[in-house]
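Residue strings, one per chain:
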Amino acid sequence: MEHHNLEQIFQDKIDQEIKIEPRDWMPDAYRKTNLRQISQHAHSEIVGMLPEGNWISRAPSLKRKAILLAKVQDEAGHGLYLYAAAETLGQSREQMIEDLHSGRAKYSSIFNYPTLTWADMGAIGWLVDGAAIMNQVMLTRTSYGPYARAMVRICKEESFHQRQGFEILLVLSKGSDAQKAMCQDAINRWWWPALMMFGPRDGESTNSDMSMKWKIKRKSNDELRQQFVDMIAEQVKLLNMTLPDEKLRWNENKKHYDFGEINWDEFWQVVKGNGPCNKERLAARKKAWEEGRWVREAASAYAAKQKQKQQAA
Amino acid sequence: MQLIRKFYYGDIPEDASGAAKAGPVQPASDWPLWEVFIRSKQGLEHKHVGSLHAADATMAIENARDVYTRRSEGISIWVVESHHIKTSAPEAAAELYEPAQDKIYRHPTFYDLPDEIKHM
């Protein structure tokens, strides 16, 4: 069959909302784009455990400790679902992990910010997971089957993450003056980085965009960001807190909230590795990987030995 | 034609990220891939839920328990090494499945019967 024909058949499937499965023919660029996005997404889940892991032993009660532990465990699971989806595109798990550790692969920049107080666990659940969910809900309809299925599973589990985060802040917002101040401080520090999670402004660069045509993504960064602002600007009222943006106000004509400009210098600095915790996060990942080496090797050796025994018997 | 490029959430292009270049690694030490099937409750079939890496079957089942049944999604787990699964080729779809398409008389709705008929 002609290459052109294959591409036409592929695009027809996409247009008819038929999912693409691993063994179907797909353009190289589609495979590459999906591989990059899914592996970045997987890395984000894995690195995303680190800012919270710090607080498991410092949670204010046994209940909060159990909840946080469950959330972090979910994130490990979500990373695994996504790595498995990426592997269906022909890249090995080891290669992906190597790419993360060498700095070649990216993960969401949000995890390069420090978690200074307990209120940060609330702000992360509410704002960071909230922003992630907007994206993930959209991705349940992405055109690549394994990615879409991983997203359905993740979305089912993720909603508790956001709710527990809001609840942490709700409790603090009704507490002592110091607790209220801690709540507001966490919101102040996480608001802008959360908005940056949606990525650069639409139209930042020139290049043809296939992600939309291929239905890998269905909404642009700015669309999702606006949706998020509209949602959070209402929810923050229930906390009796404010968002740190003087330009934030309801625009009756647009039926959306207007909001201020993101500090794009900061955005690119963090993306390029100069954020407050980039080095720390990668170092923690590599340390965990290295320190786990003997466990992986022991498991392989044990499996080989058992196999030998079985064959001998 | 140059179109406006939109970046999407979680998608930082390599050229703009200042990423270091790295060579490929040998996947030699990769644990094998296992497909996981879960029975959600007694009386239902095992259903494919996903895959994972593990050194052996015992570990695959333990990992599957942690990854796929954290919210009581299952009461029984099957694992099978992925390379044991044989699949039909997508290119063969026409010859495999088209013969069934024109045999609508295999469906009960094909038969036009009077409304008065009971228990059928």
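Predicted, not measured: the structure shown is a model, and the values here were computed from it. (Residues numbered from 1 in each chain as written. Chains lettered and ligands numbered in written order. Predicted model: local features only at pLDDT ≥ 70, side-chain atom pairs only at ≥ 80, totals over all residues. Heavy atoms only, no water.)

What am I meant to see in the overall build of chain A here?
Looking only at helices and strands, chain A has twelve helices and three strands in total. The C-alpha atoms of chain A give a radius of gyration of 21 Å, which matches the 20 Å a tight globule of 313 residues would have. In terms of overall dimensions, chain A has C-alpha extents of about 70 × 55 × 35 Å along its principal axes. Buried residues in chain A amount to 54% of all 313 residues. Counted over contacts in chain A with a minimum sequence separation of 6, partners at least 24 positions apart contribute 76%. For chain A, the accessible surface area stands at approximately 14,800 Å², while carbon and sulfur atoms represent 54% of it. Seen as two clouds, the 45 positive and the 41 negative side-chain charges of chain A have centres 5 Å apart. (Helix = DSSP H or I, 4+ residues; strand = E, 2+ residues; numbered from the N terminus. Rg over C-alpha atoms; globule rule 2.2 N^0.38 Å. Buried < 20%, exposed > 50% of the residue type's maximum accessible area, 1.4 Å probe, protein only. Contact = heavy atoms within 4.5 Å. Areas by Shrake-Rupley, 256 points an atom, 1.4 Å probe, with all protein chains shown as cover. Lys, Arg positive; Asp, Glu negative; His and termini not counted. Charge placed at Lys NZ, Arg CZ, Asp CG, Glu CD.)

Just to check I follow, could you spell out the overall build of chain B for this structure?
Tallying secondary structure elements over chain B gives two helices and four strands in all. In chain B, the order of α-helices and β-strands from amino to carboxyl end is β-β-β-α-β-α. A buried classification covers 27% of the 120 residues belonging to chain B. A separation of at least 24 residues holds for 43% of the contacts in chain B among residues at least 6 apart in sequence. For chain B, the accessible surface area stands at approximately 8,600 Å², while carbon and sulfur atoms represent 57% of it.

Even after reading the chapter, I still don't get the environment of Lys219 of chain A, so can you show me in this structure?
All names here are of chain A. Examined against the element boundaries, Lys219 turns out to sit in the loop between strand S1 (205-206) and helix H9 (221-238). Sequence spacing of Lys219 and Lys305 is 86 residues, and the spatial spacing of their C-alpha atoms is 51 Å. Within the structure, the side chain of Lys219 is placed 3.3 Å from the side chain of Gln227, a separation counted as a polar contact. (Polar contact = N/O pair within 3.5 Å; in protein donor to acceptor, adjacent residues only side chain to side chain.)

Which parts of the structure should I look at to understand the nonpolar core?
Core analysis: the largest hydrophobic core is formed by 96 residues, its most contacted members being Tyr30, Trp126, Trp190, Trp191 and Phe228 of chain A. Apart from the residues lying within four places of it in its own chain, the contact partners of Trp126 of chain A are Gln162, Gly165, Phe166, Leu169, Ile187, Ile232, Gln235, Val236 and Leu239 of chain A. (Core = buried A, V, L, I, M, F, W, Y, C linked by side-chain atoms within 4.5 Å.)

Help me out: how do you make sense of helix H10 (residues 264-274) of chain A in this one?
Given 3.6 residues to a turn, an α-helix orients residues that are three or four positions apart in the same direction. All of the buried residues along H10 of chain A are Trp264, Phe267, Trp268, Val270, Val271 and Gly273 of chain A. A distance of 3.2 Å separates the backbone nitrogen of Asp265 of chain A from a side-chain oxygen at the start of H10 of chain A, and that oxygen is part of Asn263 of chain A.

What exactly am I supposed to notice about the packing of helix H2 (residues 28-47) of chain A against helix H4 (residues 62-87) of chain A here?
All names here are of chain A. The interhelical angle for the contact between H2 and H4, taken along N-to-C directions, is 160°, at an axis separation of 8 Å. In terms of axis orientation, H2 runs roughly antiparallel to H4. Seen along the crossing, H2 lies across H4 with a hand that is left-handed. Each of Leu35, Ile38, Ser39, His41, Ala42, His43, Glu45 and Ile46 in H2 lies in contact with H4, whose residues at this interface are Glu75, Ala76, His78, Gly79, Leu82, Tyr83, Ala85 and Ala86. (Axes fitted to C-alpha atoms, helices over the stretch in contact; angles between N-to-C directions. Parallel < 35°, antiparallel > 145°, perpendicular 65-115°, else oblique. Left-handed = near helix turned anticlockwise from the far one by under 90°.)

What exactly am I supposed to notice about the pattern of salt bridges here?
Opposite charge on two side chains allows them to pair when their charged atoms are near. All names here are of chain A. Scanning all chains against the criterion turns up 27 salt bridges over all chains. When the shortest N-O distance is used, the salt bridge between Arg64 and Glu167 registers 3.2 Å. With a gap of 103 residues between them, Arg64 in helix H4 and Glu167 in helix H7 (residues 145-173) connect regions that are remote in the sequence. The class of Arg64 is buried, set by a relative accessible area of 8%. On the basis of relative accessible area, Glu167 is assigned to the partly exposed category, the value being 33%. Across the salt bridge formed by Asp222 and Arg201, the nearest N and O atoms sit 3.5 Å from each other. Residue Asp222 is located in helix H9, and its partner Arg201 is located in the loop between helix H8 (177-196) and S1; the two are separated by 21 residues in the primary sequence. Judged by relative accessible area, which is 36%, Arg201 ranks as partly exposed. Salt bridges here are not isolated pairs; linked through shared partners, they connect Glu52, Lys71, Glu75 and Asp129. (Salt bridge = Lys/Arg side-chain N within 4 Å of Asp/Glu carboxyl O.)

Help me understand unusual backbone geometry in this model?
A negative phi angle characterises most non-glycine residues, just as the trans form characterises most peptide bonds. Unusually for a residue other than glycine, Asn240 of chain A sits at a positive phi of about 55°. In this fold, Asn240 of chain A is placed in the loop between H9 and strand S2 (249-251).

I would appreciate a short explanation of the side chain of Arg93 of chain A in the present structure.
Relative to the elements of secondary structure, Arg93 of chain A occurs in helix H5 (residues 93-101). Among the residues examined, Arg93 of chain A registers a relative accessible area of 12% and is labelled buried. A distance of 2.9 Å separates a polar atom in the side chain of Arg93 of chain A from a polar atom in the side chain of Glu87 of chain A. Residues in contact with Arg93 of chain A, not counting those within four places in the same chain, are Leu80, Tyr83, Ala84 and Glu87 of chain A together with Asp30 and His53 of chain B.

Looking at this structure, how should I read the environment of Pro99 of chain B?
Residues and elements named next belong to chain B. Examined against the element boundaries, Pro99 turns out to sit in the segment after helix H2 (93-97). Assessed through its relative accessible area of 41%, Pro99 is described here as partly exposed. It is 41 Å that separates the C-alpha atoms of Pro99 and Asp56, two residues lying 43 residues apart in sequence.

What exactly am I supposed to notice about a nonpolar patch on the surface here?
Residue and element names in this part refer to chain B. Taken together, the side chains of Ile104, Tyr105, Phe110, Tyr111, Leu113, Ile117 and Met120 make up a nonpolar region of the molecular surface, amounting to roughly 760 Å² of accessible area. Looking at the secondary structure, you find Phe110 in the segment after H2. Judged by its relative accessible area of 41%, Phe110 falls in the partly exposed class. (Patch = residues over 30% accessible without salt bridge, like charges linked within 9 Å, V, L, I, M, F, W, Y side chains within 5 Å.)

What is the right way to look at the pairing of strand S3 (residues 46-53) of chain B in this model?
The side chains of a regular strand alternate between the sheet's two faces. Residue and element names in this part refer to chain B. The pairing of strand S2 (residues 33-39) with S3 spans seven bridges and is antiparallel. Along S3, the bridge assignment pairs Phe37 with His48. Between S2 and S3, which pair antiparallel in sequence order, lie six residues; one of them, Gly43, sits at a positive phi of approximately 100°. (Pairing = 2+ DSSP bridges.)

Explain the sheet that holds strand S4 (residues 76-81) of chain B to me, please; I cannot follow it from the model alone.
Strands pair in a sheet through their backbones, by hydrogen bonds, and they do so in one of two ways: parallel or antiparallel. Residue and element names in this part refer to chain B. Pairing is antiparallel in the open sheet, where three strands are placed in the order S3-S2-S4. Every other strand in the sheet has two partners, leaving S3 and S4 as the edge strands with one partner each. Geometrically, the sheet is characterised by an average inter-axis angle of 25° between neighbouring strands, direction not taken into account.

What exactly am I supposed to notice about H2 of chain A here?
Under the 1.5 Å per step criterion, the end-to-end length of H2 of chain A is 28 Å for 20 residues, consistent within 8% with the ideal 28 Å. Of all 20 residues making up H2 of chain A, 16 are buried, and the element is well covered by its neighbours. (Expected span 1.5 Å × (residues − 1).)

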